[in-house]
Amino acid sequence: MRRLVLAFLLICATIAIHAQSVLPPEWEEQLEFWAEQNDGIDIDDAAEQIASLCEHPANINDSTQATELFFLTNAQQQSLRAYIRQYGMLLSLNELRLINGYDSVTIQLLRHVAVAEPITHSRKITPSNLAHYGQSTLLLGGHSQLEPSRGYIEDIYEGNPLRLYFKYTYRYDRRIQLQLSADKDPGETLFKGSNPQGFDFYGGHLILNDIWRFKRIIVGQYRLQFGQGLTLWSGMHPWSATETSTYRNSQNITAASPFAEYGYLQGIATTLRLSNHFELNTFYSTANRSATKADSTSIQSLYQSGYHRTQTEISKEHGINEQLCGFNLQYNTQKIHIGTTSQLIWFNKEIIPAHYAYNAHAFTGMHHYNIGADMAILIKQATLYGELARSADNAYAGIIGLQMPLPRSSAVNIYYRNYSPLYHNFYSSAWGINSTPTNEEGLRLAFSTQLPFTIRMQLSADIFRFPDLKYRVYSPSHGSEYRILLTKNIFSNASFDLSYRYKSCGRNGIQNADKSYIIEQIHRQRLQARFAYRNGDWSLRTNLTHTWFDCEYHDPQKGYSISQDISYTFHSCPLTLIGRFAIFNITDYDAAIYSVESDFQYEYGTTSLNNKGIRAYVLAQYKISPQLALSAKYGITNYPDLETIGTGYATTYSSHRQSIKLQLRCNF
């Protein structure tokens, strides 16, 4: 039976892929913009949400569905609602041009993920309706690097280099969603060894919307996103579609990514309508997490990579049990939002972190809690927002921001943050330089306006300091970051943008005789120019990027990359080809360049370009029928000056790396 299941997955993985699994070019550019904002973070989570909206666009006339458009600012959402109240429902997305706050970039993004349709009543939930109107989607996929790395050559990895996964989803309108998924990473076994149960990771959830007084019920794996992210926020979630806004539209309770092996919660979560203005969210989660063990009763740290390939990695699997519970209470009107959140988390083993200079204040113990309050007030078109959170050790973290439109399509955003070095939170995410909101104070100013010749300009400045030690910075430090983005629509189907980014911050420099460090100030600069052209079946995009890195005690570094993207859809057959050719020359990792490639759903991510080389790929999509389509991607990266690529077990004894990806998507 196991061999039959494996054979079925492998055969299906070589057959097909749905053409819509690749995002529209405008959204790929937006993902790259978000990744650049956050230094190359994994944007697969955001790509998944966009891909889901492309398949099931939100009706912008329905206020409930419009909240799924997470990249819209609070002012844009409220302007839309005010327009509908005054003039009635939108007949077309073109009407958005008449609404204050909707620029051409946002409208173009909305065309792929939203529709303007009359609001219809949901069908009743009956067995016949579930069978007749329900939609099922089966996704099967796999990928592999063609050159074996050291881990496979020396039999260090337990499994083969294939990544295999599947996801089944059943949807009934927007009221019911059932999802089951499984994932095996490269190097992990399937139905043998440490995974006799099959895949290394299984996921799933059941979502019920608008059941009695419950707005939403989720059983299974989910994410929680409340307020501005200080008290409770799981999963990645970007800000708006522009550089100006730092306000976050929280999604409250949403489904977790089917293949995310960390950052999700598992159990039950509900949203209950208490009245027209009050909502109560409650949740309970229990999950086994991977961890680096100190002894039988304690761990040193949580292990979040998701890989279980070597005996050391396998020993970390299910190293600790985590339980979390709490609530969020919200008061919402057209102009006011007030919320309060409380969470309690406890483990079955004590966390005792390894002793390093930079983590003297790291969390130690078996249980922890966080409480906080957030608010957002709409004053005309301006939004005043903030959040204050407290952790169990009596440490605080707070933010306050003002987002305000100005005449002539201008806008300004002011954002102040102060995160105590003692503030601990296992599920928190807010704007900042650090990856988590702790040990940081900063002020961010952003401004956007329309210049002559229809040039759009976005400016931002962020001045920050770190009052305590941090990784690779063994002293209090400070820094600043400045950005400018100029965008010009040359004509209706062509655009050009030019961006510049400067960032300065501290880092350990020369080590003294007493093993202390002299802190040096490092400076990173990035200049990028991009031209995009779309004409019916053709799409072209040229990207030029140059980076500089400089500091006091090390040699300066620099790098550049030039890439050309092209896509074409044939009329004679349902085939689309997408390709890229890029050359890069980067002298050191400190000057690395991050880029986002066209890819399949659940395969998106940022690619780090380093050293000297060539990167090329081609992606082909062939739609076999309305229910089935075929796609595959082949990519190669060549480093002419290297004999080996990578380090450790990931070392490849070659000057190039090749990969192939396949995926099946079937709708029925």
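Predicted, not measured: the structure shown is a model, and the values here were computed from it.

**A short note on the overall build of the protein chain**
So, point 1. Each helix and strand in the protein chain was counted, giving nine helices and 31 strands.
So, point 2. Taken over C-alpha atoms, the radius of gyration comes to 25 Å for the protein chain, in line with the 26 Å a tight globule of 668 residues would show.
So, point 3. With the C-alpha coordinates aligned to their principal axes, the bounding extent of the protein chain is approximately 70 × 55 × 55 Å.
So, point 4. Considering only contacts in the protein chain between residues 6 or more positions apart, those separated by 24 or more positions represent 61%.
So, point 5. Positive and negative side-chain charges of the protein chain, numbering 57 and 57 respectively, have mean locations separated by a distance of 6 Å.

**Some details on helix α6 (residues 104-113)**
Residues lying three or four places apart along an α-helix face the same way, a consequence of the helix completing one turn every 3.6 residues.
So, point 1. Taken as a whole, α6 has its buried residues at Thr106, Ile107, Leu109, Leu110 and Val113. Each buried residue of α6 lies within a common arc of 165 degrees when the element is viewed along its axis, so the set occupies one face.

**Examining the pattern of salt bridges**
Where side chains of opposite charge bring their charged atoms close, a pairing between them can arise.
So, point 1. Per the counting criterion, the structure on display carries 24 salt bridges.
So, point 2. Close ionic contact of glutamate 322 with arginine 289 constitutes a salt bridge, the shortest N to O distance being 3.1 Å. Of this pair, glutamate 322 sits in strand β13 (residues 320-332) while arginine 289 is found in strand β10 (residues 278-289), placing the two residues 33 residues apart along the sequence. Assigned by exposure class, glutamate 322 and arginine 289 land together as buried.
So, point 3. Each of the salt bridges in this network shares a partner with another, and the network as a whole consists of Glu597, Asp599, Arg615, Lys633 and Lys661.

**Digging into the nonpolar core**
So, point 1. Core analysis: the largest hydrophobic core is formed by 40 residues, its most contacted members being Leu23, Ile60, Leu69, Phe71, Leu96, Leu110 and Val113.
So, point 2. When contributions to this core are tallied by element, the ones reaching two or more residues are α2 (25-37), α3 (44-55), α5 (74-87) and α6.
So, point 3. By residue number, the principal contributor to this core is α3, which donates six residues.
So, point 4. Counting 20 residues, the second-largest nonpolar core is a separate cluster that includes Ile207, Leu232, Ile320 and Tyr427.

**Let's talk about the confidence of the model for the protein chain**
So, point 1. When the pLDDT values of the protein chain are averaged, the result is 88; 95% of them are 70 or greater.
So, point 2. Across residues 1-20 the pLDDT falls below 50, and counting only partners more than four positions away or on other chains, this stretch makes 44 contacts in the model.

**Let's talk about α3**
So, point 1. Its twelve residues give α3 an end-to-end C-alpha distance of 16 Å, which sits within 8% of 16 Å, the value for a rise of 1.5 Å per residue.
So, point 2. Counting buried positions along α3 gives ten out of twelve residues, so the element sits mostly inside the fold.

**Describing empty space enclosed by the protein**
So, point 1. Under the criterion given, the structure shown has two cavities of 30 Å³ or more.
So, point 2. Within this model, the largest cavity holds a volume of roughly 130 Å³.
So, point 3. Around the largest cavity, the lining comprises 16 residues; the ones closest to its centre are Ser561, Ser563, Arg580, Ser595 and Leu609.
So, point 4. Elements with a minimum of two residues in the lining of the largest cavity: β23 (517-535), β24 (538-550), β25 (557-569), β26 (575-586), β27 (593-596) and β28 (606-609).
So, point 5. Element by element, the count of residues in the lining of the largest cavity is highest for β27, at three residues.

**Examining the state of the cysteines**
So, point 1. Within this structure, the stated rule accounts for zero disulfides.
So, point 2. Cysteine cysteine 505 shares no disulfide, and the gap to the nearest cysteine sulfur, in cysteine 551, comes to 11 Å.

**Quick word on a nonpolar patch on the surface**
So, point 1. Side chains of Ile490, Phe491, Phe496, Leu498, Leu527, Phe531 and Trp548 sit close together on the surface and give an oily, nonpolar patch of about 580 Å² of accessible area.
So, point 2. The set of elements that each furnish at least two residues to the nonpolar patch consists of β21 (477-491), β22 (494-511) and β23.
So, point 3. Along the chain, phenylalanine 491 falls in strand β21.

**Some words on the packing of aromatic side chains**
So, point 1. All chains considered together, the criterion is met by 26 aromatic pairs.
So, point 2. With 4.9 Å between their ring centres and 45 degrees between their planes, tyrosine 83 and tyrosine 87 make a pair best called tilted. In this pair, tyrosine 83 and tyrosine 87 both sit in helix α5, four residues apart, roughly one turn of the helix.
So, point 3. The class of tyrosine 83 is buried, set by a relative accessible area of 11%.
So, point 4. Summarising the aromatic geometry, the rings of tyrosine 247 and tyrosine 385 are spaced 5.1 Å apart at their centres and angled 80 degrees between planes, so their arrangement reads as edge-to-face. Taken together, the residues span a long stretch of sequence, with tyrosine 247 in the loop between β7 (214-225) and β8 (252-255) and tyrosine 385 in strand β16 (residues 382-391) at a distance of 138 residues.

Cut-off values and rules
- Residues numbered from 1 in each chain as written.
- Predicted model: local features only at pLDDT ≥ 70, side-chain atom pairs only at ≥ 80, totals over all residues.
- Heavy atoms only, no water.
- Helix = DSSP H or I, 4+ residues; strand = E, 2+ residues; numbered from the N terminus.
- Rg over C-alpha atoms; globule rule 2.2 N^0.38 Å.
- Contact = heavy atoms within 4.5 Å.
- Lys, Arg positive; Asp, Glu negative; His and termini not counted.
- Charge placed at Lys NZ, Arg CZ, Asp CG, Glu CD.
- Buried < 20%, exposed > 50% of the residue type's maximum accessible area, 1.4 Å probe, protein only.
- Arc of directions from axis to C-beta.
- Salt bridge = Lys/Arg side-chain N within 4 Å of Asp/Glu carboxyl O.
- Core = buried A, V, L, I, M, F, W, Y, C linked by side-chain atoms within 4.5 Å.
- pLDDT = per-residue confidence, 0-100.
- Expected span 1.5 Å × (residues − 1).
- 1 Å grid on protein atoms, 1.4 Å probe; cavity = no way out; pocket = protein on both sides within 12 Å on 5 of 7 lines; lining within 4 Å.
- Points joined across faces, edges and corners; volume = space filled by probe spheres on them.
- Disulfide = S-S within 2.5 Å.
- Patch = residues over 30% accessible without salt bridge, like charges linked within 9 Å, V, L, I, M, F, W, Y side chains within 5 Å.
- Areas by Shrake-Rupley, 256 points an atom, 1.4 Å probe, with all protein chains shown as cover.
- Phe/Tyr/Trp six-rings, centres within 6.5 Å; stacked < 30°, edge-to-face > 60°.

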